[in-house]
Amino acid sequence: QVQLVESGGGLVQAGGSLRLSCAASGRTFSRGGMGWFRQAPGKEREFVSALSWSGGMTYYADSVKGRFTISRDNAKNTVYLQMNSLEPEDTAVYYCAARKDYGLGPRYPRSYDYWGQGTQVTVSS
């Protein structure tokens, strides 16, 4: 089993920054990776960013490319999402997820086996 705990959400003005953290405990999977997704009210959960353990590849949604950065601290078993130049459209509950292997690919929620409880990010205009 893997437990994921997100933190770092909050209220910020447009143009501001936040850093989300996802602390993982339990098993680790060398062939898998971690991802961030978000879900706004009335909308489907959407991919934000991901990284793969093997090769350290990173992935970003077009809407956040150049503004968000995913990174990891292996010693702390923690993955981060640095969010800069935030926009009101970024308002959502952000979820951290872990996958055991490649699955359908890092951009698809169905590839992920474990999910955190979510953290709210609200960007005011």
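The structure under discussion appears in the preceding block.
About the cut-offs
- Residues numbered from 1 in each chain as written.
- Predicted model: local features only at pLDDT ≥ 70, side-chain atom pairs only at ≥ 80, totals over all residues.
- Heavy atoms only, no water.
- Helix = DSSP H or I, 4+ residues; strand = E, 2+ residues; numbered from the N terminus.
- Buried < 20%, exposed > 50% of the residue type's maximum accessible area, 1.4 Å probe, protein only.
- Polar contact = N/O pair within 3.5 Å; in protein donor to acceptor, adjacent residues only side chain to side chain.
- Contact = heavy atoms within 4.5 Å.
- Core = buried A, V, L, I, M, F, W, Y, C linked by side-chain atoms within 4.5 Å.

1. Re the side chain of S111
(1) Moving on: Tracing the sequence through the fold places S111 in the loop between β9 (92–99) and β10 (114–115).
(2) Moving on: With a relative accessible area of 4%, S111 lands in the buried category.
(3) Moving on: Only 2.9 Å separates the side chain of S111 from the backbone nitrogen of L104, close enough to count as a polar contact.
(4) Moving on: Separated by 2.7 Å, the side chain of S111 and the backbone oxygen of G105 make a polar contact.
(5) Moving on: Residues within four places of S111 in sequence aside, it is in contact with R99, Y102, G103, L104 and G105.

2. A short note on the nonpolar core
(1) Moving on: Core analysis: the largest hydrophobic core is formed by 34 residues, its most contacted members being L4, W36, F68, L81, M83 and Y94.
(2) Moving on: Sort the elements by how many residues they give to this core and β9 lands first, with five residues.
(3) Moving on: Excluding its chain neighbours within four sequence positions, the residues that come into contact with Y94 are E6, L20, W36, F37, R38, V48, F68, L81, M83, G118, T119 and V121.

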